[in-house]
Amino acid sequence: MACDTLDPSQARQESFPAPTKNLNGRRLQLHVSDADNMAWASIDDGVPGDAVWLDRSWDGGATWEGLLGKASIPSTWTGTRTLMYNITDPRNHRRGLVRACGDAVGVGCTNWVYPTVCETLCDGTSAGQAAGDDQPVPSTTIYGRTVRLHLDQKNSMAWASIESGGAGDEIWLDRSWDGGSTWPGGSSLGRTSTPSGTTGTRTAMYATRDPRGLLYGGAVRACGREAGHNEGSCTAWVRPAPTRARAAADAPGPVSARHPPYGATRRWVKSNSCGYLG
């Protein structure tokens, strides 16, 4: 197990998944070790006093823990780096994003890593590529519209559809890594509206397993809204699993069929994140 603030010299890998950012002539880089599920930041070609740090978000980049490992370039040096921080928190069923940030006569950051969940297929894949269409829970209705949850059990992907409606109706997926208790960063995935002249539409597919983040028990539900009203309706939560053995191994806890009112929010709590290695 490795906790936040591991020295980068102990990293088992090093990659650069985000483009290097030019920050007023300084090179700002995000370094990632996928083998450790950890990241660190560096700044080079700078001057003493330039600073570098990591931001980490547990809700898809909406909010974040800032200034992680903040370090400043010492006198006579031209660069420095942070310590390593975990990208994911599988023990608490949290999926994180990280980015490198710096302050060199102005603040700037790299892109977030990794915003897209991938296993066999990635978030955003067309539902036309699904290897099957399983509908394991009853549909829900709202103002005469039917909202359905669809699963590609083979690839652990999900999508949602709305039918018997009209232009402007909306459909989306929610994804949770803790059995439906919370879904930070997983709200309104693939949200789309029914086009004019049609009675229904569907979302793209989204993954329910994240091997990179060591999260294997994602749960999903389909939600929809009729164009003329603000409230929405959702199906029960479901955790795809192509085999019973995999379902038992993946399960983080009971899957709740309850859901809060449309537009409800949840709070999250910061902690010192640790991850299991190997």
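Before any of the text, the structure's been laid out above.
This structure is a prediction, so every number in the text was calculated from the model and none was measured.

A.B. asks: Mind showing me how you'd approach the overall build of the protein chain here?
C.D. replies: Secondary structure summary: the protein chain contains one helix and 20 strands in total. Looking at the protein chain as a whole, 49% of its 278 residues qualify as buried. When contacts within the protein chain are restricted to residue pairs at least 6 apart in sequence, those whose partners lie at least 24 apart make up 62%. Total accessible area computed for the protein chain in this model is approximately 12,500 Å², and 49% of it derives from carbon and sulfur atoms.

A.B. asks: Just to check I follow, could you spell out the nonpolar core for this structure?
C.D. replies: The tendency in soluble globular proteins is for nonpolar side chains to be buried side by side. Formed by 20 residues in total, the largest nonpolar core has its most connected members in Leu30, Val32, Ala39, Val52, Leu54 and Val113. For this core, the secondary-structure elements that each account for two or more residues are strand 3 (26-33), strand 4 (38-44), strand 5 (51-57), strand 6 (65-72) and strand 9 (97-103). If we ignore the near neighbours within four places in the chain, the residues touching Val52 are Leu28, Ala41, Ser42, Ile43, Gly69, Lys70, Ala71, Thr80, Arg81, Thr82, Cys101 and Gly102. Among the nonpolar cores identified, the runner-up in size contains 14 residues, and Val147, Leu151, Ala160 and Ile162 belong to it.

A.B. asks: Explanation requested: the sheet that holds strand 9 in the structure shown.
C.D. replies: Think of a sheet as strands paired side by side through backbone hydrogen bonds, with each pair either parallel or antiparallel. Read across the open sheet, the four strands follow the order 6-5-9-10; overall the sheet is antiparallel. Each edge of the sheet is formed by a strand with only one pairing partner; in this case those strands are strand 6 and strand 10 (107-109). Averaged over neighbouring strand pairs, the angle between their axes works out to 25 degrees when direction is ignored. Of the strand pairs in this sheet, strand 5 and strand 9 are connected by seven bridges, and their pairing is antiparallel. Among the inter-strand pairings, Val52 is bridged to a residue of strand 9, identified as Gly102.

A.B. asks: Is there a simple way to explain the sheet that holds strand 14 (residues 170-176) in this structure?
C.D. replies: The strand order across the open sheet built from four strands is 15-14-18-19, with neighbouring strands paired in antiparallel fashion. Both edges of this open sheet fall to strand 15 (189-193) and strand 19 (232-234), since each of them pairs with a single strand only. The sheet shows a mean angle of 20 degrees between the axes of neighbouring strands, direction not considered. The pairing of strand 14 with strand 18 (residues 219-225) spans seven bridges and is classified as antiparallel. Paired with Arg175 across the bridge in strand 18 is Val220.

A.B. asks: Sorry if this is basic, but what is going on with the state of the cysteines here?
C.D. replies: A covalent bond between the sulfur atoms of two cysteines is referred to as a disulfide. One pass over the full model with this rule turns up three disulfides. Shown here is the disulfide that connects Cys118 with Cys122, its sulfur atoms set 1.9 Å apart. The sign of the S-S torsion, about 115 degrees, decides the handedness of the disulfide formed by Cys118 and Cys122: right-handed. Its relative accessible area of 26% is what places Cys118 among the partly exposed residues. Classification of Cys122 by relative accessible area gives partly exposed; the value is 29%. Covalent S-S linkage joins Cys223 and Cys234, the inter-sulfur distance amounting to 2.0 Å. Residues Cys223 and Cys234 are joined through a disulfide that is right-handed, its torsion about the S-S bond being 110 degrees.

About the criteria used
Residues numbered from 1 in each chain as written. Predicted model: local features only at pLDDT ≥ 70, side-chain atom pairs only at ≥ 80, totals over all residues. Heavy atoms only, no water. Helix = DSSP H or I, 4+ residues; strand = E, 2+ residues; numbered from the N terminus. Buried < 20%, exposed > 50% of the residue type's maximum accessible area, 1.4 Å probe, protein only. Contact = heavy atoms within 4.5 Å. Areas by Shrake-Rupley, 256 points an atom, 1.4 Å probe, with all protein chains shown as cover. Core = buried A, V, L, I, M, F, W, Y, C linked by side-chain atoms within 4.5 Å. Pairing = 2+ DSSP bridges. Axes fitted to C-alpha atoms, helices over the stretch in contact; angles between N-to-C directions. Disulfide = S-S within 2.5 Å.

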